[in-house]
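Descriptive structure summary
Residue-level listing of the chains:
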Amino acid sequence: MAARGGKQSRSGAGLSGRKGADEQEEEEQPLQAVLVADSFNRRFFPVTKDQPRALLPLGNVAMIDYTLEFLTSTGVQETFVFCCWMASEIKEHLLSSKWCRQSSPNTVHIITSEQYRSLGDVLRDVDAKSLLRSDFVLIYGDVVSNIDISSALHAHRHRRKMDKNISVMTMIFKESSPGHKSRCEEDDVIVAMDSKSQRILHYQKTQGLKRLQFPMNIFHNGSDEFEIRHDLLDCHISICSPQVAELFTDNFDYQSRNDFVRGMLVNEEILGNQIHMHVTKDGYGVRVSNLLMYDSVSSDLVRRWVYPLTPEANFIDQKGLSCTYSRHNVYRGSGVSLGHGSQMEENVLIGSDTNIGANCYICNSVIGNNCTIGDNVTLDHAYIWNNVHIASNVMISQSLVCDKAEIKEWVKLNKQCVLAYNVVIGPNMSLPEGTVVSMHHPDEEEEEDDDEFMSDDAAVGHSKDKAKLKVFNPAEVGVGGRGYIWKASSLDDTEDEEISQCLWGLVLNPDPESESEDSEPEDPDDPVIPSPEMEDVKVFQLEVLGTLQRGLEENISFDNLVLEINSLKYAYNITLKEVMQILTRVVLEYPFQQQGPQLTPSQYVGLLLPLLKKWAPVFKNYVKRAQDHLDCLSAFEEHFLEQESHWAAMVKVLMNMYQLEILEEETILRWFSQGATTDKSRQLRKNQGLSPTQPLSDSEQIHDHDTHAIKG
Amino acid sequence: MRRRHNHPDVVPNHFHRQHTHTQTPSCPVSPLISSRFYTTTMPAPDKEIDLTERIEAFLSDLKRGGSGTGPLRGSAEMARETTALLRRIAAQARWSNAGDLMEIIRTEGRRMTAAQPSETTVGNMIRRVLKIIREEYARSRGSSEETDQQESLHKLLTSGGLSEENFRQHFAALKANVIEAINELLTELEGTTDNIKMQALEHIHSNEVIMTIGRSRTVEAFLKDAARKRKFHVIVAECAPFCQGHKMATSLSEAGIETTVITDAAIFAVMSRVNKVIIGTQTVLANGGLRAVNGTHTLALAAKHHSTPLIVCAPMFKLSPQVRSLCLPARGEILSKLITLFISNIGGHAPSYIYRLMSELYHPEDHEL
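Computed from a prediction, not measured in an experiment: that's the story for all the values here. (Residues numbered from 1 in each chain as written. Chains lettered and ligands numbered in written order. Predicted model: local features only at pLDDT ≥ 70, side-chain atom pairs only at ≥ 80, totals over all residues. Heavy atoms only, no water.)

With that settled, consider the overall build of chain A. When its secondary structure is counted, chain A shows 24 helices and 33 strands. Counting across all 712 residues of chain A, residues that qualify as buried make up 54%. Relative to all contacts within chain A whose residues are 6 or more apart in sequence, the contacts with residues 24 or more apart total 60%. Of the roughly 31,600 Å² of accessible surface on chain A, 50% is carried by carbon and sulfur atoms. (Helix = DSSP H or I, 4+ residues; strand = E, 2+ residues; numbered from the N terminus. Buried < 20%, exposed > 50% of the residue type's maximum accessible area, 1.4 Å probe, protein only. Contact = heavy atoms within 4.5 Å. Areas by Shrake-Rupley, 256 points an atom, 1.4 Å probe, with all protein chains shown as cover.)

Counting its regular elements, chain B contains 16 helices and 10 strands. The proportion of buried residues among the 369 residues of chain B is 54%. In chain B, 82% of the contacts between residues at least 6 apart in sequence involve partners at least 24 apart. Total accessible area on chain B is roughly 16,000 Å²; 54% of this is exposed by carbon and sulfur atoms.

This paragraph deals with the packing of aromatic side chains. All names here are of chain A. Applying the stated criterion to the full structure yields 12 aromatic pairs over all chains. On the basis of an interplanar angle of 80° and a centroid distance of 5.9 Å, the ring pair of Phe248 and Tyr254 is categorised as edge-to-face. For the pair shown, Phe248 and Tyr254 are each scored as buried. On the numbers, 5.2 Å between centres and 40° between planes, the contact of Phe472 with Tyr484 is tilted. (Phe/Tyr/Trp six-rings, centres within 6.5 Å; stacked < 30°, edge-to-face > 60°.)

If you walk through the whole model with that rule in mind, you get 34 salt bridges over all chains. The salt bridge partner of A:Arg257 is A:Asp234, with a shortest N-O separation of 2.6 Å. One end of the pair, A:Arg257, is in helix 8 (residues 257-266); the other, A:Asp234, is in strand 12 (residues 232-240), with 23 residues separating them in the sequence. Each member of the pair, A:Arg257 as well as A:Asp234, is classed as buried. Through salt bridges with shared partners, one network takes in B:Glu103, B:Arg106, B:Arg134, B:Glu365 and B:Asp366. (Salt bridge = Lys/Arg side-chain N within 4 Å of Asp/Glu carboxyl O.)

To continue, consider the sheet that holds strand 9 (residues 341-344) of chain B. Residue and element names in this part refer to chain B. Spatially, the seven strands line up as an open sheet ordered 3-2-1-4-7-9-10, and their pairing is mixed. A strand with exactly one partner marks an edge of an open sheet, and here the two such strands are strand 3 (258-262) and strand 10 (347-349). Mean inter-strand twist for the sheet, computed between neighbouring axes without regard to direction, equals 25°. Bridge count for strand 2 (residues 233-237) against strand 3 is five bridges, and the pairing is parallel. In the sheet register, Ala237 faces strand 3, and the bridge partner there is Ile262. Relative to strand 4 (residues 276-279), helix 12 (residues 217-227) is tilted by about 130°, and along the sheet it contacts strand 1 (209-213), strand 2, strand 4, strand 7 (310-313) and strand 9. (Pairing = 2+ DSSP bridges. Axes fitted to C-alpha atoms, helices over the stretch in contact; angles between N-to-C directions.)

What follows is the structure, given as structure tokens:
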């Protein structure tokens, strides 16, 4: 470390005098960065089966090089690269790149482990190894950016100095209007912030929702200016304090940065940690999170939005990869030959030693090194990687063709096709929209589902054996074709369905779907543990239901039930009022959930009454004050409003609750006289056969009769 | 307006000689001056690592130049930094004769120019240093400067220039001489803006209306210097989309100059009122043309239409032996016939005279690095 310090002081004094003194006194510590070279998801599957995402070429340069260049240009002096999937390949790439040369101003340390399964694991490991000494930049290996974060860094340090380390993270956002091409729809966020301090008050992924809820308490903490913004693009660059790693260790359930941000915001009052944001107007910062983003980032790159990271800059300093730049954003590497009559319309990047035949038409495309392209080929929004052979009369639109793939004559690739490594297609066929072809059979996937992060050579050897056993279907890939089709329909389990959707990051269907999604988890048979984005209240309801069920099955004493519900209440941050209402609802719905919705009212009552008796102590524990009784009753009313056919049972249930001393007479009467706000609830009251003037003791007698009648 | 130079040799060639050898360099370069002496005390391998490190840092700075993330700077600073780095190479690299040194500088120079093709200043400074080495070598060999200067067309054709073999002779004093000459070059670079702005009063008269476009540090200094004595009105075209003109206008009005900002579209309409157009440039091409910020061509055509004189403030280090300009975004080429006068740090020149300056500054063999 002493050597690095010395190096810095020398360069500070010499060449770059303007960097000089003031920066040096501020940064006693060199700036560090944590680069996560793994996405921990399978969005680029099956392409990433052969090469990790960080090494996928974007404009003929591996994605991780863009990230490292960004870090280096912001003045990061030490970068820890964490790799998991195909770590050895990433390591090999980095060791041969300019980042590991002795003269590199940014020292790159590569840390590999097969144990990492999320960002949380990486940061916990950072904490365990205590690698970080000061503020650091946290970034994924697939972020392309030229944003100047020095002002954000400065503000972050200033805040930390002023507020005694309260601020733990500064997230970088770029202003960009909703629906902009560089915005990833899955990452759309809505952020409530304090305008003065730039503090994040609320952070929510919109996920195509149209209705959003903000907790009121965020508007009650002193500041008088708030902004709720939806015009922000999350650059996935964050400046973190060293505590972030510790916080990840403390909260072992944090998986992603999203979990972390939500956790920090929810527990802000307890832990006292704050998260800030920095909004930049210019610059470019996008994470390549799916193929649609790959498409838009690639074309932005060629259109020079990421200047100075342009293709002709050759910033990775690799020999033989320089290219020339000419009008209409046409870039040509060395040794490119272009046949007679071939046109490169605009935004075209062609790697070195690529041969293109006659009468081709190419626009908005990126072609890698050492490719051969035949005559009369049309390429529009095509991303062709290295060593690809394309025969004559081929048409490709908005598709991805990976290394060493071959496309024979008269093949047409419709939109959003993906040809993974070494695939051969054709001749004479047309691939329908969204076809994914890979040398790996989709069935292999199911077998090795669990160990998706297994070491890469094992995976390759395994797959080769498999490939030989299975036959290629000429109807799918052509007579001379090699490869298997990956289809959404051919894969039955939900996870893979998600993957095939995600390759191109399908547009999220706006409203109807997301709402139905919300109601799904109410289904008690659904064993899926709800995602953390789901509303806490619903999760809580499910958990209460589970608790009560277990209580019945295992005959757990009511003290323990109460204890469990209480702990759930804190885990999901539920108010006492909500607990009461949810409890009431769960109990009332219990017979339906056990026996199905077709119960008759008398069956329902018969099932419910013993349950009520059993759980009465639990109710009594929560329902104490008059207000509690009213809350309980309103939940009761809500339930019966939904179950119109069971109104007959209502009286009996209410009566029973009164007898069990869950509800008091006074409050029942008060509810009866006041509550009705809608027509339906008025009707409900009428139906009950009670008039407001009739004392409850009378009705008690009536109901005594009723119960006797049932017994009789 | 057009000046004729019937005696080209009267113009101070080797203007860097006009500073006497005894002059001490000014402050900003002083820490670099001392490097010459500390080279002798440092162990060799460390020295080379240090040198490559500096070159790499400079290269990556160049690549990031002009962006939000990189250090933003003017071409004057870029010229100084390049020259300082070249002096460091001359001082620290291993070479025994002029040929070796030239080869080293050429190799590094090629990388530097490739790193940022739009920044011609870097290439220009490399050519200047190469020329210095040639001259110092020639002096060491004993051939006088005067004879070298009077290379006639005939001599050029017959000898084919000094071939590389001739630079193989070893001279002990060469290193010191080269570094001394580069120091003089640095001193000259320090004073360029001052030299240009000193001429302001000859060109700007009272109550004139001057038009400029975008922001040029040289033009800014030029106008501000004139404003000390004269009252005049400046119209600044904003130079969309980056609108550097706004910054320029603010700066000028702070100096007490009456300033108006116009949109680029209004250039032609306003031109009829303008007495003089004064612009800066990124590069002066060998044919007397310019490569300047987009919009300048519009301005130049409008000025031609109204026969308004167009004056270009360009220090000598912007003079590039390129004839055709590269395709660069946000830059346009302006033909020499649209330009009335160049004002450089050594005086005013007509565009037709640029070729002569070029041959004085750079050796013909160095035009292609």
